[in-house]
Protein chains: 2
Amino acid sequence: MKRTKTAVPSDIEIAQQASMKKITEIVEQLDIEEEEIELYGKYKAKLSHNILNRLAQKENGKVILVTAINPTPAGEGKSTVTVGLGQALNKLGKKTVIAMREPSLGPTMGLKGGAAGGGYSQVLPMEDINLHFTGDIHAITTANNALAAMIDNHIHQGNELQIDTRRITWKRVVDLNDRALRKVVIGLGGATQGVPREDGFDITVASEIMAVFCLAKDLKDLKARLARIVIGYDVNQKPVTVKDLNVEGALTLLLKDASMPNLVQTMEHSPAIIHGGPFANIAHGCNSVLGTQMAAKLGDYVVTEAGFGADLGAEKFLHIKTPSLGYHPQAVVIVATVRAIKMHGGLSKDQLKMENLEALKLGIENVKKHVETIQSFGLPYVIALNEFVTDTEAEISYVQEWCKAHEIPMALTQVWEKGGEGGLKLAEAVLSEIEKSNDEFTPLYLPENTVEQKLEIIAKTVYGAEGVDILPTAQKQLQLIVGEGWGHLPICMAKTQYSLSDDAKKLGRPQNFTITIRELKPSVGAGFIVALTGNIMTMPGLPKEPAALKMDVDEQGKATGLF
Amino acid sequence: MKRTKTAVPSDIEIAQQASMKKITEIVEQLDIEEEEIELYGKYKAKLSHNILNRLAQKENGKVILVTAINPTPAGEGKSTVTVGLGQALNKLGKKTVIAMREPSLGPTMGLKGGAAGGGYSQVLPMEDINLHFTGDIHAITTANNALAAMIDNHIHQGNELQIDTRRITWKRVVDLNDRALRKVVIGLGGATQGVPREDGFDITVASEIMAVFCLAKDLKDLKARLARIVIGYDVNQKPVTVKDLNVEGALTLLLKDASMPNLVQTMEHSPAIIHGGPFANIAHGCNSVLGTQMAAKLGDYVVTEAGFGADLGAEKFLHIKTPSLGYHPQAVVIVATVRAIKMHGGLSKDQLKMENLEALKLGIENVKKHVETIQSFGLPYVIALNEFVTDTEAEISYVQEWCKAHEIPMALTQVWEKGGEGGLKLAEAVLSEIEKSNDEFTPLYLPENTVEQKLEIIAKTVYGAEGVDILPTAQKQLQLIVGEGWGHLPICMAKTQYSLSDDAKKLGRPQNFTITIRELKPSVGAGFIVALTGNIMTMPGLPKEPAALKMDVDEQGKATGLF
């Protein structure tokens, strides 16, 4: 029997009808002093780093990490569950602050039209968050491109550092989807116009500066990480750093204001910190350390999310972000939907409306693998089955029974339609798991493991692979990495998000596969080694009908077309 | 006899020691309602367009336009006089609001290290204004580059509009000095990476969107102007517009918040609106119409400036900005210094410290020409002789006597050292000239004049040339312009700022020259025809030792290196 749902308005309609409190009212609920906020309009504020110093001795709130099964085109609603769970915990009287990533303008103008949760579990003001917000990403774009201009100017002015123009790894960025900038030749036009060379643009959120920004603990750490960034190699193939160019001070100055975490509110006036948004493949895909730390000082609970599925986002949160953060999550929520599980069971998107228990049975193995991954870290967890209008009673029962049989804690959520109310069961389940937990978190690898060991541990334990195959190019890069003393860094896997394997088409729980490591790229400033298993797109393109074509603003400044 | 001056601190030191009032206190002095401001931190606010609607019936404040002689490397201090005069008028009890341009990050990181007045006539917070401020320029960068991405995506997706990829005039921008981006080839890498073509980047302030932004009267006008922008030509050489691409709504949405003028304060807490900053050669070089209109509704007097000397900035203010603004200035201040006049008299920069009355006598002809120009518009004016430590008594006397002999109102200013106090004489002189004035403003040409007539009028009356020489390329472009019905638009001269002529080396008051018009480029969205007399650099380069190398920020977030 199918359940029905009444017609619901779009996300932007819900957002625009929502009554927001002034952000100063949200601030008043929290332990923040007047001098510690910078208002950005009536509904956004930046928070001073001073809060962290002042509350240094205060116990940190318990961090709940929201992750998901491997994403599918059916959509899982990870951000929506993150917001909904935060709202639910506040409804239960637990002082909770949400910590999320900032959306990039590129996908907003391109395909998505906006991303800040959905329905009655959104962060507000939705238009601002999806457009320029408080300018953080623009500051990162500017710092990234200022560095690029300094590199090319250095070369033009005599190239004292003997930078090899064929080996510059630093690319320019725009916060847009612009495929025509992927591969370019710059410096054309003669001797006064710079030195010609091949170059390319990434989307800003793929900049190493975004990763650095999100892992820095304070301005000092930010400057030190920026200084360590390797921009390319000299004619002797020795790394050239930002410090060599002497611009870490200027770059830090450009990021000074952006480094203050942003406070906004949800539909139900729960406080939400939205700060930083690195890619989840070539970077670690989590909001800033400063944002999470701030949330943990201001709330007794923090609900935060990581990019893509648990194989990428959660693994990186636990191996890359946790050391900077200084503490680990107390519980993990794994978001799944009946529709997405059925796609992992082999259905195509247009087959999802029909009940199909067989597909569910096959697809649920994907869920199981992610559960095992979280177990291997020693962390308590809850499956959040995020309900959708087309789910049937039988399908939902199947998942419930399966979880029961496997002793996997789970809860149904209806956070899109009902906001926090729809996340209460999940909130209760999470609190109960935290209560029962013995807190036995262990990372799967340690800094002293070799790069090969780290790769193998991730591939076997997290992906369920038989091992890794490191191709000759990557082997050569590995020698450089070890030779330069970067071998202690954690690994940042750049793998397809759609599959546990490195083949996007292998859904469910693939068996008998190895992970092919094609390239190993050091992100020394961020502090990780990116392991590429295939071509990772760091500059998206626009579709034939970009979302921007539907966007508009009326004479009173009211936005339309951000869904 | 040389006068001496005690050692003075740098601009940033003065700025950082200044005590700012909270911007809410500045707002309280003005007719602004609580709902009409958006705070950006404690010392900056954006002002709602609603103020203009609410005060529509209120008489506009009197606008005082600050311009200058042809700029020299000696520096004139036009912005400093603008701020100082505003402060002086407030000291005299005249409710005055300053309206200025936003500085671009490119020159700040490159040569200048900052630009927001100087000494005790600065706008604050100096660091913010010189870095990202409220993000307006970043919004313009984003809108400009979103349009570029839409153009290349349109071509990649089948090129329905048959855009000729060799005739795309729309360039990408960054708000940086980056010479390596002047001439590039994009779209390389094969069929999935876009269509290869020649392209180039300008600095953001040279974007037509900046000019559009600064001339728009409201969001509706902004959208209409954006829609009219010509991005290039199709295979039949017909113009292709933003409207053809259907993205004017999205671009307006990206500029919605930026279009609200920014309110800050001076060292002496005078209100200052800083909004928009277009190039003064290929664009009109004045802060936004909305900013000036807002200042005129909030103050009984407005002090505003235009770019470069009176031959470019003031002429464009009066022919291009005035029609959008809806009213004209009531008086003009022409800023000069003894040092700059001596350079116009033939001295090099290292000869300026020595008294030289002969050079002064020759160079003062440059001042005279600008006076005649302002007279030709029928506007009252005052020369502001901005004093400098190396000026001698005899030199200052010479200028005073010369002005007296020619019945030219003049006043000495010491606004850098003394703030408003140093501008009191100027303020009194300006008020007296406004008092005496019969308000006989007449533009030098009318829309119905032909393009040739307009060019000739500017060349003869403003520059003192014998006429114009329109080269064949420009003649051909003129045919297109007239054919497309753009002939009624005003002219925006892109000429060297250093000379009244089109040869940067001809200082003073050149005689017997003609102005060579090399190209005529329509900026249909902005609403003017750019007449290029030579190569105009729309993407600066960095020097060997960029200002950025000295910039830094400490652990508490305190900036250094912005001078």
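Throughout this description, residue numbers start from 1 for each chain and increase along the sequence as written. Chains and ligands are labelled by the order in which they are written, letters from A for the one and numbers from 1 for the other. At least 70 in pLDDT is required for a residue's local features to be given in this predicted model, at least 80 for side-chain atom pairs to be given and counted, and no such filter applies to totals for whole chains, interfaces and linings, which use all residues. Hydrogens and water are ignored here; the side-chain numbers use all heavy atoms of the structure.

Colleague: Where do I start with the overall build of chain A in this structure?
Modeller: Per the convention used, a helix needs a DSSP run of H or I reaching at least four residues, while a strand needs a run of E reaching at least two, with both numbered from the N terminus. The helix and strand tally for chain A stands at 20 helices and 26 strands. By principal-axis analysis of the C-alpha atoms, chain A measures approximately 75 × 55 × 50 Å. In this scheme, a residue with accessible area under 20% of its type's maximum is buried, one over 50% is exposed, and one in between is partly exposed, where area comes from a 1.4 Å probe on protein chains only. Split into buried and exposed, the 563 residues of chain A put 65% on the buried side. For chain A, contacts bridging at least 24 residues in sequence account for 75% of all contacts bridging at least 6. Roughly 19,800 Å² of accessible area belongs to chain A as shown, and the carbon and sulfur atoms make up 49% of that amount. Any pair of residues with heavy atoms lying within 4.5 Å of one another is described as a contacting pair. Accessible areas in this description were obtained via Shrake-Rupley with a 1.4 Å probe; residue shielding takes into account the shown protein chains only.

Colleague: Mind showing me how you'd approach the UniProt feature "binding site: ATP" (unreviewed entry) in chain A here?
Modeller: Residues and elements named next belong to chain A. Summarizing the sequence annotation, UniProt attributes the feature "binding site: ATP" (unreviewed entry) to Thr72, Pro73, Ala74, Gly75, Glu76, Gly77, Lys78 and Ser79 in the numbering used throughout. Checked against the element boundaries, Thr72 lands in the loop between β3 (62-68) and α4 (78-91). With relative accessibility at 8%, the residue Thr72 sits in the buried group. Beyond its immediate sequence surroundings of up to four residues, Gly77 is in contact with Val335 and Asn386. UniProt positions are given in the numbering used here, feature names are shortened, and annotations may be inferred rather than shown by experiment.

Colleague: Is there a simple way to think about the side chain of Thr142 of chain B in this case?
Modeller: Mapped onto the elements of the fold, Thr142 of chain B is located in helix α7 (residues 136-156). Apart from residues lying up to four places away in sequence, Thr142 of chain B is in contact with Leu105, His132, His138 and Leu176 of chain A together with Leu254 of chain B.

Colleague: Would you explain the interface of chain B and chain A in this entry?
Modeller: Frequently, the measure chosen for interface size is the accessible area that the parts lose on association. Every contact between the two is made by 71 residues of chain B and, on the other side, 72 residues of chain A. When two parts are brought into contact, each loses some accessible area as probed by a 1.4 Å sphere; the total of that loss over both is the buried area. Of the roughly 6,400 Å² buried at the junction of chain B and chain A (both faces included), carbon and sulfur atoms supply 61%. Of all residues in chain B, Lys42, Arg179 and Leu253 of chain B give up the largest surface area on contact with chain A, accounting jointly for 10% of the area buried on that side. Criterion for a salt bridge: a side-chain nitrogen of Lys or Arg within 4 Å of a carboxyl oxygen of Asp or Glu. Summed over the shared surface of chain B and chain A, the result is ten salt bridges.

Colleague: Teacher, can you tell me more about the relation of the copies chain B and chain A here?
Modeller: A rotation about an axis combined with a shift along that same axis relates the two copies of the chain. All copies are superposed by least squares; the fitting set is the C-alpha atoms of residues with a pLDDT of at least 70 in both. Once chain B is rotated about the relating axis by 180 degrees and shifted along it by 0.0 Å, it coincides with chain A to within an RMSD of 0.0 Å. This pairing of chains is accounted for by a two-fold axis. Residues of chain B ranked by C-alpha distance from the rotation axis are headed by Tyr40 of chain B, positioned 2.2 Å from it. In this assembly, 100% of the residues forming the interface of chain B have copies in chain A that are likewise at the interface, indicating an isologous arrangement.

Colleague: Just to check I follow, could you spell out the pattern of salt bridges for this structure?
Modeller: Close approach of charged atoms allows side chains of opposite charge to pair. In total, this model carries 56 salt bridges over all chains according to the counting rule given. Between Arg166 of chain A and Asp164 of chain A there is a salt bridge, with the nearest N and O atoms lying 2.8 Å from each other. For Arg509 of chain B, the salt bridge goes to Glu372 of chain B, with nearest N and O atoms at 2.6 Å. Taken as a pair, Arg509 of chain B in the loop between β21 (491-494) and β22 (514-517) and Glu372 of chain B in helix α15 (residues 357-376) lie far apart in primary sequence, 137 residues in all.

Colleague: Sorry if this is basic, but what is going on with the sheet that holds β21 of chain B here?
Modeller: Within a sheet, neighbouring strands are paired by backbone hydrogen bonds and run either parallel or antiparallel to one another. Residues and elements named next belong to chain B. If you trace the three strands from one edge of the open sheet to the other, you get β21-β24-β23, paired in mixed fashion. Only two strands of the sheet have a single neighbouring strand rather than two, namely β21 and β23 (519-523). Going from strand to strand, the sheet's axes swing by 25 degrees on average, the running direction of each strand aside. When β23 meets strand β24 (residues 528-532), the two strands line up antiparallel, connected through five bridges. Note that in β24 the partner of Lys521 across the bridge is Val530. With axes taken as lines fitted to C-alpha atoms, and helix axes fitted only over the stretch in contact, angles between N-to-C directions fall between 0 and 180 degrees. Sheet strands touched by helix α19 (residues 451-462): β21, β23 and β24. Its angle to β21, the strand with the most contacts, is close to 50 degrees. DSSP bridges decide pairing: two strands pair if at least two such bridges lie between them.

Colleague: Honestly, empty space enclosed by the protein in this entry has me stumped. Any pointers?
Modeller: Left-over empty space is what a probe sized like a water molecule reveals as it rolls over the atoms. Grid points spaced at 1 Å over the protein atoms alone were grouped into cavities, where a 1.4 Å probe fits but cannot get out, and pockets, open sets with protein on both sides within 12 Å along at least five of seven lines, with lining residues defined by an atom within 4 Å of a point. Grid points are joined across faces, edges and corners, and a volume is the space filled by probe spheres set on the points. For the structure on display, the rule yields nine cavities of 30 Å³ or more. Of the volumes computed, that of the largest cavity is approximately 270 Å³. Lining the largest cavity are 24 residues, and of these Thr134 and Gly135 of chain A together with Tyr40, Thr134 and Gly135 of chain B lie nearest its centre. Under this grouping Gly is polar, as are all residues other than the nonpolar Ala, Val, Leu, Ile, Met, Phe, Trp, Tyr, Cys and Pro and the charged Asp, Glu, Lys and Arg. A class-by-class count of the residues in the lining of the largest cavity yields eight nonpolar, eight polar and eight charged. What the second largest cavity holds in volume is close to 190 Å³. Looking at the lining of the second largest cavity, the elements with two or more residues in it are α7 (136-156) and β8 (172-174) of chain A together with α7 and β8 (172-174) of chain B. Here the residues of the lining of the second largest cavity are counted per class, giving six nonpolar, eight polar and two charged.

Colleague: Got a minute to help me understand the packing of α7 of chain A against helix α11 (residues 248-255) of chain A in this structure?
Modeller: Pairs of packed helices are described in terms of their axes, by the angle between the two and the distance that separates them. Residues and elements named next belong to chain A. As a packed pair, α7 and α11 sit with axes 9 Å apart at the nearest point and diverge in direction by 165 degrees. Classified by the interaxial angle, the pair formed by α7 and α11 is roughly antiparallel. Between α7 and α11 the crossing geometry is right-handed. Here Ala139, Ile140, Thr142, Ala143, Ala146 and Leu147 of α7 come into contact with α11, specifically with Leu251, Leu254 and Leu255. Residue composition of the contact of α7 with α11, by class: eight nonpolar, one polar and no charged. Throughout this description, any angle smaller than 35 degrees is read as roughly parallel, any larger than 145 degrees as roughly antiparallel, any in the 65 to 115 degree range as roughly perpendicular, and the remainder as oblique. Two helices cross in a left-handed way if the nearer one is turned anticlockwise from the farther one by less than a right angle. They cross in a right-handed way if the turn is clockwise.

Colleague: How should the packing of helix α9 (residues 219-228) of chain A against α11 of chain A be read in this particular structure?
Modeller: All names here are of chain A. Relative to each other, α9 and α11 sit at 130 degrees, their axes nearing to 9 Å. One finds that α9 runs oblique with respect to α11. Both α9 and α11 take part in a crossing whose hand is right-handed. Of α11, the residues touching α9 (which contributes Leu219, Leu222, Lys223, Leu226 and Ala227) are Glu248, Leu251, Thr252 and Leu255. Split by residue class, the contact of α9 with α11 holds six nonpolar, one polar and two charged.

Colleague: Teacher, can you tell me more about the packing of aromatic side chains here?
Modeller: Think of it this way: a Phe, Tyr or Trp ring, Trp meaning its six-membered ring, pairs with another when their centres are within 6.5 Å, and the plane angle makes it stacked under 30 degrees, edge-to-face over 60, tilted otherwise. One pass over the structure, following the stated rule, counts four aromatic pairs over all chains. Taking the centre distance of 5.1 Å and the plane angle of 50 degrees together, the rings of Tyr40 of chain A and Tyr40 of chain B count as tilted. Here the residue Tyr40 of chain A occupies a position in the loop between β1 (37-39) and β2 (45-47), and Tyr40 of chain B occupies one in the loop between β1 (37-39) and β2 (45-47), the pair thus bridging two chains. The two residues Tyr40 of chain A and Tyr40 of chain B agree in class, both being buried. Positioned above the aromatic ring of Phe388 of chain B is the side chain of Arg339 of chain B, whose terminal nitrogen or guanidinium carbon lies 4.2 Å from the ring centre. Geometrically, a lysine NZ or arginine CZ counts as sitting over a ring once it is within 6 Å of the ring centre and also within 35 degrees of the ring normal.

Colleague: I tried to follow the domain arrangement of chain A on my own but got confused; where do I start?
Modeller: Residues and elements named next belong to chain A. When the domains of chain A are assigned, the result is domain 1 (11-134 + 258-436), domain 2 (136-255) and domain 3 (451-533). Summarising the inter-unit geometry, the C-alpha centres of domain 2 and domain 3 are found 25 Å apart. Taken together, the twelve residues of domain 2 in the interface contact nine residues of domain 3. Both faces combined, the contact of domain 2 with domain 3 buries some 760 Å², and carbon together with sulfur accounts for 57% of it. Taken together, the connections running from domain 2 to domain 3 amount to one salt bridge. In this structure, Lys238 engages Glu484 in a salt bridge whose closest nitrogen and oxygen atoms are separated by 3.1 Å. A 3.5 Å cut-off defines polar contacts: any pair of N or O atoms within that distance qualifies, except that in protein one atom must be a possible hydrogen donor and the other a possible acceptor, and neighbouring residues in sequence count only when both atoms are side-chain atoms. At the surface where domain 2 touches domain 3, the tally comes to five residue pairs in polar contact (both at pLDDT 80 or more). What marks off one domain from the next here is an automatic or database domain assignment.

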